[in-house]
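Fold and geometry: a report
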Amino acid sequence: MADSRCSCGQGSLTSGSRETVCISTMRVLDSCRDRDCFEDSRVYLTPFGQEIIDRTATVRTVDAKIVATSISVDEVPFNCGFYQITARFYIRLKFEACMAPARPQEFCGLAILEKNVVLYGGEGSVHIFRSDAGSGFCSTPVCADGCNSLPTAVIETVDPIVLSTRIAADCGACGNSFGCGCGNDACGRAFNCACGCGCEGSTLPLEVTGLFPEGFSDGGANRLQVCIGMFSVIRLERPAQYLVSASEYSVPDKECSPATNEEDPCGLFRAMAFPVNEFYPPSLKEGQGKGGCCR
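Residues numbered from 1 in each chain as written. Predicted model: local features only at pLDDT ≥ 70, side-chain atom pairs only at ≥ 80, totals over all residues. Heavy atoms only, no water.

Points about the overall build of the protein chain
Selection rule: Put simply, DSSP marks the helices as runs of H or I at least four residues long and the strands as runs of E at least two long, and each gets a number from the N terminus on. Exposure is judged per residue with a 1.4 Å probe applied to protein chains only, and the accessible area is read against the type maximum: over 50% gives exposed, under 20% gives buried, and values in between give partly exposed. For this analysis, residues touch if any pair of their heavy atoms sits within 4.5 Å. Reported accessibility uses the Shrake-Rupley method at a 1.4 Å probe radius. Residues are deemed covered only where the shown protein chains occlude them.
Along its length, the protein chain carries four helices and 10 strands. Counting from the amino terminus, the protein chain carries its helices and strands in the arrangement β-β-α-β-β-β-β-β-β-β-α-β-α-α. Evaluated residue by residue, the protein chain yields a buried proportion of 28% over its 295 residues. Taking contacts inside the protein chain between residues at least 6 apart in sequence as the whole, the part at least 24 apart equals 76%. Of the roughly 19700 Å² that the protein chain leaves accessible, carbon and sulfur atoms contribute 52%.

Digging into a nonpolar patch on the surface
Going by this rule: Like-charged residues within 9 Å of one another, or nonpolar side chains (Val, Leu, Ile, Met, Phe, Trp, Tyr) within 5 Å, are grouped into patches, provided each residue has over 30% relative accessible area and no salt bridge. We define a salt bridge as a contact between a side-chain nitrogen of Lys or Arg and a carboxyl oxygen of Asp or Glu at a distance within 4 Å.
Residues Val-158, Ile-161, Leu-163 and Phe-231 make up a contiguous nonpolar surface patch of roughly 370 Å² in combined accessible area. Turning to its location among the elements, Ile-161 is positioned in strand β7 (residues 161-169).

Points about unusual backbone geometry
The phi dihedral of Asp-40 is positive, around 50 degrees, even though this residue is not glycine. Checked against the element boundaries, Asp-40 lands in strand β2 (residues 18-45). The class for Asp-40 is partly exposed, based on a relative accessible area of 31%. Residue Phe-78 is not a glycine yet carries a positive backbone phi of 65 degrees. Residue position: Phe-78 is located in the loop between β3 (59-75) and β4 (82-100).

With respect to the pairing of strand β10 (residues 222-247)
Our working definition: In this description, strands pair whenever DSSP reports at least two bridges between them.
Judged from the 23 bridges that link them, β2 and β10 form a sheet pairing that is antiparallel. Considered in β10, the bridge of Val-43 is made with Leu-224. As paired elements, strand β6 (residues 152-157) and β10 share six bridges and run antiparallel to each other. Residue pairing for β10: Glu-156 is matched across the bridge by Val-233. In terms of strand pairing, β7 meets β10 through eight bridges, oriented antiparallel. Along β10, the bridge assignment pairs Thr-165 with Val-226.

Points about the pattern of salt bridges
The final tally for this structure, using the stated rule, is nine salt bridges. Here Lys-115 makes a salt bridge to Asp-34, at a shortest N to O gap of 2.8 Å. With Lys-115 in strand β5 (residues 103-120) and Asp-34 in strand β2, this pair connects stretches of sequence that are 81 residues apart. Salt-bridge contacts for Glu-51 lead to Arg-55; the nearest nitrogen and oxygen are separated by 3.4 Å. Taking relative accessible area as the criterion, Arg-55 reaches 57% and is therefore assigned exposed. A single network of salt bridges, built from pairs that share partners, joins Asp-34, Asp-36 and Lys-115.

A look at the confidence of the model for the protein chain
We apply this condition: A score between 0 and 100, pLDDT records how confident the predictor is in each residue.
When pLDDT is averaged along the protein chain, the result is 76; 69% of the residues meet or exceed 70. Across the protein chain, β3 holds the top mean pLDDT of 93, while strand β9 (residues 190-191) sits lowest at 40. Scored below 50 in pLDDT, residues 11-15 makes 10 contacts in the model with residues more than four places away or belonging to other chains. For residues 291-295, every residue scores under 50 in pLDDT, and the model assigns this stretch two contacts once sequence neighbours within four places are set aside.

Observations concerning the side chain of Asp-36
Selection rule: Pairs of N or O atoms within 3.5 Å make up the polar contacts considered here, provided that, within protein, one atom can donate a hydrogen while the other can accept it, and that residues adjacent in sequence are counted only when both atoms are side-chain atoms.
Relative to the elements of secondary structure, Asp-36 occurs in strand β2. At 2.7 Å, the side chain of Asp-36 and the side chain of Lys-115 are in polar contact.

Right under this line is the structure:
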């Protein structure tokens with residue numbers, strides 16, 4: 001009796017409109033979810049922002065977005081198959097300060113957060129090379145800087161939540177070193193390190209420096225600190241091949257309709273469904289199930 005199994009690269013078994021095909025995808029080997037709270041994270045300010053917090057005592061955060069992320073994967077010594085994932089998040093924060101009655105002033109700053117997790121990523125000794133559109137006889141060799149068999153780390157997160165914002169006296173421990181001098185500052189307070197000693201503004205990603213062309217202040221009388229909450233899902237993946245059952249692609253029966261109707265715009269509007277859910281506030285139970293009222 002013939003073997004009904006099919007291996008990748010040996011063709012496929014076709015039966016009518018269905019067939020068994022081989023696909024190459026990423027297999028998730030390990031994953032985790034986390035709820036992090038970064039307390040008293042220092043905000044690096046532009047000279048304009050530093051001047052504002054030196055002259056005001058009232059400030060609040062109005063927006064926070066992750067603008068860049070750097071991820072590194074390193075083997076854990078004496079633990080085969082396990083890897084340490086180090087993720088650094090660069091967060092652009094927008095603040096509003098009260099300079100005088102009825103005179104709010106907006107300014108921006110940068111917070112750098114770092115987290116470490118250990119996950120199982122399996123063992124692999126193969127080197128993976130992929131061609132691209134620029135590959136050819138005289139093209140640059142693929143992976144010329146040395147390939148490795150590390151798994152791929154994937155991090156999913158939403159924009160962070162700023163839980164508190166406060167102005168504190170700056171005792172001159174860090175200056176503009178982005179975390180240099182890890183430990184306690186001159187006031188005896190512990191602070192977070194983001195880059196380690198010697199990390200200057202020039203080492204920031206281009207996506208970050210482009211948002212702050214004026215650079216960062218060397219410090220002043222005050223410093224700005226925030227408490228940030230963040231939800232994340234982290235996983236380790238490796239390439240894998242699988243046999244799946246597939247169906248032939250069929251042309252859809254539905255015809256495309258124009259997006260606008262210049263002759264009768266009101267008729268198009270009347271054909272739209274009424275947004276009932278927008279006028280019906282969810283109950284507390286429904287809101288908890290969907291992660292609150294934020295969308």
